[in-house]
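Here's the letter readout for the chains.
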Amino acid sequence: TKITDHIKIANGKPIFSIEVIPPIKGDNLKSLLDNIEPLMEFKPPFIDVTYHREEYIERPMPDGTIQKIVTRKRPGTVGICAAIMHRFGIDAVPHVLCGGFSREETEDFLIDLHYLGIDNALVLRGDPAKPFTTFKAKENGYTYASELVEQVANMNRGLYLHEEDTALAPSNFCIGVAAYPEKHFEATDHASDFRYLKQKIEKGADYIVTQMFFDNKKYLDFVDRCRQEGITVPIVPGLKPLSTRKQLQILPKLFHLEMPDDLVRAVEACENDQQARQVGVEWCIQQCRELVAAGAPVLHFYTMGKADNVMKIAKEVF
Ligand code: FAD
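Treat the numbers as computed from the prediction; the structure is a model and nothing was measured.

Cut-offs used in this document
- Residues numbered from 1 in each chain as written.
- Predicted model: local features only at pLDDT ≥ 70, side-chain atom pairs only at ≥ 80, totals over all residues.
- Heavy atoms only, no water.
- pLDDT = per-residue confidence, 0-100.
- Pairing = 2+ DSSP bridges.
- Helix = DSSP H or I, 4+ residues; strand = E, 2+ residues; numbered from the N terminus.
- Axes fitted to C-alpha atoms, helices over the stretch in contact; angles between N-to-C directions.
- Contact = heavy atoms within 4.5 Å.
- Expected span 1.5 Å × (residues − 1).
- Buried < 20%, exposed > 50% of the residue type's maximum accessible area, 1.4 Å probe, protein only.
- Near = heavy atom within 4 Å.
- Polar contact = N/O pair within 3.5 Å; in protein donor to acceptor, adjacent residues only side chain to side chain.
- Areas by Shrake-Rupley, 256 points an atom, 1.4 Å probe, with all protein chains shown as cover.
- Patch = residues over 30% accessible without salt bridge, like charges linked within 9 Å, V, L, I, M, F, W, Y side chains within 5 Å.
- Salt bridge = Lys/Arg side-chain N within 4 Å of Asp/Glu carboxyl O.
- 1 Å grid on protein atoms, 1.4 Å probe; cavity = no way out; pocket = protein on both sides within 12 Å on 5 of 7 lines; lining within 4 Å.
- Points joined across faces, edges and corners; volume = space filled by probe spheres on them.
- Nonpolar A, V, L, I, M, F, W, Y, C, P; charged D, E, K, R; others polar.
- Phe/Tyr/Trp six-rings, centres within 6.5 Å; stacked < 30°, edge-to-face > 60°.

**Things to note about the confidence of the model for the chain**
For step 1, the next point in the chain: Looking at the chain as a whole, the pLDDT averages 96, with 99% of positions reaching at least 70.
For step 2, the next point in the chain: Across the whole predicted complex the pTM is 0.97, and at the interface the ipTM reaches 0.99.

**Thoughts on the sheet that holds strand β1 (residues 16-20)**
For step 1, the next point in the chain: Pairing within the closed barrel is parallel, and its eight strands lie in the order β1-β2-β5-β6-β7-β8-β9-β10. Neighbour to neighbour, the strand axes of the sheet diverge by 30° on average, direction disregarded.
For step 2, the next point in the chain: When strand β8 (residues 207-212) meets strand β9 (residues 235-239), the two strands line up parallel, connected through three bridges. Paired with Met 212 across the two strands is Gly 238, which belongs to β9.

**A few points about the environment of Ala 92**
For step 1, the next point in the chain: By the element assignment, Ala 92 lies in strand β5 (residues 91-97).
For step 2, the next point in the chain: Considered as a pair, Ala 92 and Pro 45 are 47 residues apart in the sequence and their alpha carbons are 8.8 Å apart.
For step 3, the next point in the chain: When residues no more than four places from it in sequence are discounted, the contact partners of Ala 92 are Ile 47, Cys 81, Ile 84, Met 85 and Ile 118.

**Some words on helix α6 (residues 190-202)**
For step 1, the next point in the chain: Taking 1.5 Å per residue, 13 residues should reach 18 Å; α6 reaches 18 Å between its end C-alpha atoms and fits that length.
For step 2, the next point in the chain: The set of residues buried in α6 consists of Ser 192, Asp 193, Phe 194, Leu 197, Lys 200 and Ile 201.
For step 3, the next point in the chain: Elements in contact with the buried residues of α6: α5 (145-156), β7 (174-179), β8 and α7 (216-228).
For step 4, the next point in the chain: Positive phi appears at Gly 204, one or two residues downstream of α6, with a value of about 130°.

**Regarding the site of the ligand**
For step 1, the next point in the chain: Contacts to the ligand come from 23 residues, most closely from Tyr 51, Tyr 180, His 184, Asp 193 and Lys 200.
For step 2, the next point in the chain: Within the backbone of Tyr 51, one N or O atom sits 2.7 Å away from a nitrogen atom of the ligand.
For step 3, the next point in the chain: Take Gly 126: an N or O atom from its main chain is 3.0 Å from an oxygen atom of the ligand.
For step 4, the next point in the chain: Coverage of the ligand by the protein amounts to 87% of the 990 Å² it exposes when considered alone.

**Regarding a nonpolar patch on the surface**
For step 1, the next point in the chain: Judged by side-chain polarity, Tyr 56, Val 70 and Phe 132 come together as a nonpolar surface patch covering roughly 300 Å² of accessible area.
For step 2, the next point in the chain: Relative to the helices and strands, Val 70 is located in strand β4 (residues 66-71).

**Overview of unusual backbone geometry**
For step 1, the next point in the chain: Backbone torsion omega between Lys 130 and Pro 131 reads 10°, so that peptide bond is classified as cis.
For step 2, the next point in the chain: As for its placement among the helices and strands, Pro 131 is situated in the loop between β6 (120-124) and α5.

**With respect to the layout of surface pockets**
For step 1, the next point in the chain: A volume near 290 Å³ is recorded for the second largest pocket.
For step 2, the next point in the chain: Around the second largest pocket, the lining is made up of 15 residues, and of these Lys 13, Ile 15, Phe 42, Lys 43 and Pro 44 lie nearest the centre.
For step 3, the next point in the chain: For the lining of the second largest pocket, the residue count by class is eleven nonpolar, one polar and three charged.

**Some thoughts on the packing of aromatic side chains**
Aromatic rings considered in pairs are described by the distance between their centres and by the relative angle of their planes.
For step 1, the next point in the chain: Per the stated rule, a full pass over the model turns up eight aromatic pairs.
For step 2, the next point in the chain: With 5.6 Å between their ring centres and 70° between their planes, Tyr 56 and Phe 132 make a pair best called edge-to-face. Here Tyr 56, found in strand β3 (residues 55-60), pairs with Phe 132, found in the loop between β6 and α5; they are 76 residues apart in sequence, far enough to count as distant.
For step 3, the next point in the chain: Judged by relative accessible area, Phe 132 falls into the partly exposed class, the value being 48%.
For step 4, the next point in the chain: Aromatic side chains Phe 101 and Phe 109 sit 5.9 Å apart centroid to centroid with 40° between the ring planes, which places their arrangement in the tilted category. With respect to burial, Phe 101 and Phe 109 carry one shared label: buried.

**Structural notes on empty space enclosed by the protein**
For step 1, the next point in the chain: Considering all chains together, one arrives at two cavities of 30 Å³ or more under this definition.
For step 2, the next point in the chain: Forming the boundary of the largest cavity are Tyr 180, Pro 181, Glu 182, Lys 183, Gln 211, Met 212, Phe 255, His 256 and Leu 257.
For step 3, the next point in the chain: Of the residues that constitute the lining of the largest cavity, the class distribution is five nonpolar, two polar and two charged.
For step 4, the next point in the chain: By volume, the second largest cavity amounts to about 30 Å³.
For step 5, the next point in the chain: As for the second largest cavity, its lining consists of Tyr 51, His 95, Val 96, Leu 97, Phe 101, Thr 106 and Phe 109.
For step 6, the next point in the chain: When contributions to the lining of the second largest cavity are tallied by element, the ones reaching two or more residues are β5 and α4 (103-115).
For step 7, the next point in the chain: Broken down by element, the residue count for the lining of the second largest cavity peaks at three residues, all from β5.
For step 8, the next point in the chain: For the lining of the second largest cavity, the residue count by class is five nonpolar, two polar and no charged.

This is the structure in structure tokens:
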């Protein structure tokens, strides 16, 4: 089922989804799935599975030379999607990246998803490959998410990359894209960020998921501005319950966002992480209640491996 259809089916009733990250290579998938299982009681209609691009590592060899290795720390996105669909009987939304793929590799990847019966894809540019700090496309790959959106939308029309035959089986992906209520860190200003977001919609994106935010005003202002700009698709707020004192510093740096003063003061007054987590969960519950009242279509939680926080929130809100 497409995300846009899940939203229609919910018909204003609050629903939520979560995002999971593939385990580090070699780790077991079972603990990830066991961890999210209790959430199924609340019937989340879909789960997103992130994708992690390759990294470049340097390994010292016994002969003193340095070997450069291209590796993926967290492979397995497609397999995890299949496992989620199989075990929980709900939709899985793979994240599909520009970074690290040529357009031909992307086409094959999308065909795999289509054959698995996956109806949704969250299309992203991806972050720079570590240890680099600027994004570089793979040869014959894409520099911006909008280009990848166009490829998926073309496949939905039966237009494959190098095939002339117009009778090719079309895919049927509902396409999601990312957006940043507090601006993408590379964008020179909000205006250009909105212009490029609109481009992603014009090329075929069906819904938006936002970066996390801790101040609902940022989301609500963002939605207003989108509507003014003529962006009419559903805008799903991304939420993260703060769970340690350290995250007060880490999250703003990592995700380029501001923490509201009230939350900072409340967390700073905590004596330990257990108290901080309590504050974070309560803050998030408050955010959720306001967002539901404001008509947010789905609340999307970045679990970062901690589904028990979302469990507490789900009990209060859904
Ligand atoms: P784009 O939409 O391509 O935008 C990137 C930047 O380029 C922006 O500053 C934009 O304003 C600018 N821009 C866009 N088009 C143009 C143009 N034509 N000319 C000039 N400038 C332009 N990363 C992962 O690696 N794996 C994941 O699974 C993942 N999941 C995510 C899920 C969500 C909901 C979000 C919000 C982010 C996720 N990310 C993930 C992070 C994401 O890959 C990064 O934030 C990345 O830096 C930008 O991706 P994007 O798709 O928003 O890029």
